[in-house]
Amino acid sequence: SDAQLATNYAPMTVAYAEGVWKKAMRELTERYPKRFGEVWLYLGPVYGSESSKPGSGIALPEAFYAIVFDLTDKGGLRALALLIPADAQSKNLNDYLSSITEIEKLTGLQFLPELDFSIRDTIGNYVSPSVW
């Protein structure tokens with residue numbers, strides 16, 4: 001539930017917040033913890049050079065990302081990354097699967113920098129074939 005509160009700091013349309021983003025948050029903050037136990041989430045906006053500024057003058061994100069990490073029962077690290085455009089029409093989360101590397105390029109952030117390079121490279125470039 002803390003993850004949902006964090007996204008309130010970035011502006012999004014009501015249709016987006018009540019549509020695809022709500023579905024993603026329900027999946028990641030309710031269903032995944034029940035299914036996998038503890039999971040770690042990174043969430044945030046993606047701003048670009050084309051981000052529009054409505055009458056308020058506050059830039060609207062071009063997209064939002066969600067990255068979830070889970071330790072498997074065998075001690076492996078599993079990751080799922082979503083990059084959902086702010087004008088997304090589909091509520092099918094499989095349409096927004098991405099790599100962590102792509103999100104890092106768009107945001108300038110680095111996720112899990114403490115991991116060994118080869119592990120980070122493998123996890124960072126991986127795109128899940130479907131939502132878990």
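Procedures and definitions
- Residues numbered from 1 in each chain as written.
- Predicted model: local features only at pLDDT ≥ 70, side-chain atom pairs only at ≥ 80, totals over all residues.
- Heavy atoms only, no water.
- Helix = DSSP H or I, 4+ residues; strand = E, 2+ residues; numbered from the N terminus.
- Contact = heavy atoms within 4.5 Å.
- Areas by Shrake-Rupley, 256 points an atom, 1.4 Å probe, with all protein chains shown as cover.
- Polar contact = N/O pair within 3.5 Å; in protein donor to acceptor, adjacent residues only side chain to side chain.
- 1 Å grid on protein atoms, 1.4 Å probe; cavity = no way out; pocket = protein on both sides within 12 Å on 5 of 7 lines; lining within 4 Å.
- Points joined across faces, edges and corners; volume = space filled by probe spheres on them.
- Nonpolar A, V, L, I, M, F, W, Y, C, P; charged D, E, K, R; others polar.

Colleague: Residue-level account of the overall build of the chain, with values.
Modeller: Scanning the chain from terminus to terminus reveals five helices and four strands. Helices and strands appear in the chain in the N-to-C order α-α-α-β-β-β-β-α-α. Relative to all contacts within the chain whose residues are 6 or more apart in sequence, the contacts with residues 24 or more apart total 53%. When the accessible surface of the chain is split by element, carbon and sulfur atoms take 52% of a total near 7,800 Å².

Colleague: Which residues make up the side chain of Glu104, and what values do they have?
Modeller: Within the secondary structure layout, Glu104 lies in helix H4 (residues 100–107). At a separation of 3.2 Å, a polar atom in the side chain of Glu104 contacts the side chain of Arg120. Ignoring any residue separated from it by four or fewer positions in sequence, one finds Glu104 in contact with Leu109, Gln110, Phe111 and Arg120.

Colleague: Provide a residue-level description of empty space enclosed by the protein, including the pertinent values.
Modeller: Going through the model one piece at a time under the given rule, you end up with two cavities of 30 Å³ or more. Estimated volume of the largest cavity: approximately 70 Å³. What lines the largest cavity is simply Phe69, Ile100, Glu104, Phe111, Leu112, Leu115, Arg120, Ile123 and Gly124. Elements that contribute at least two residues to the lining of the largest cavity include exactly H4 and helix H5 (117–125). The element that contributes the greatest number of residues to the lining of the largest cavity is H5, accounting for three residues. Here the lining of the largest cavity is built from residues that sort into six nonpolar, one polar and two charged.

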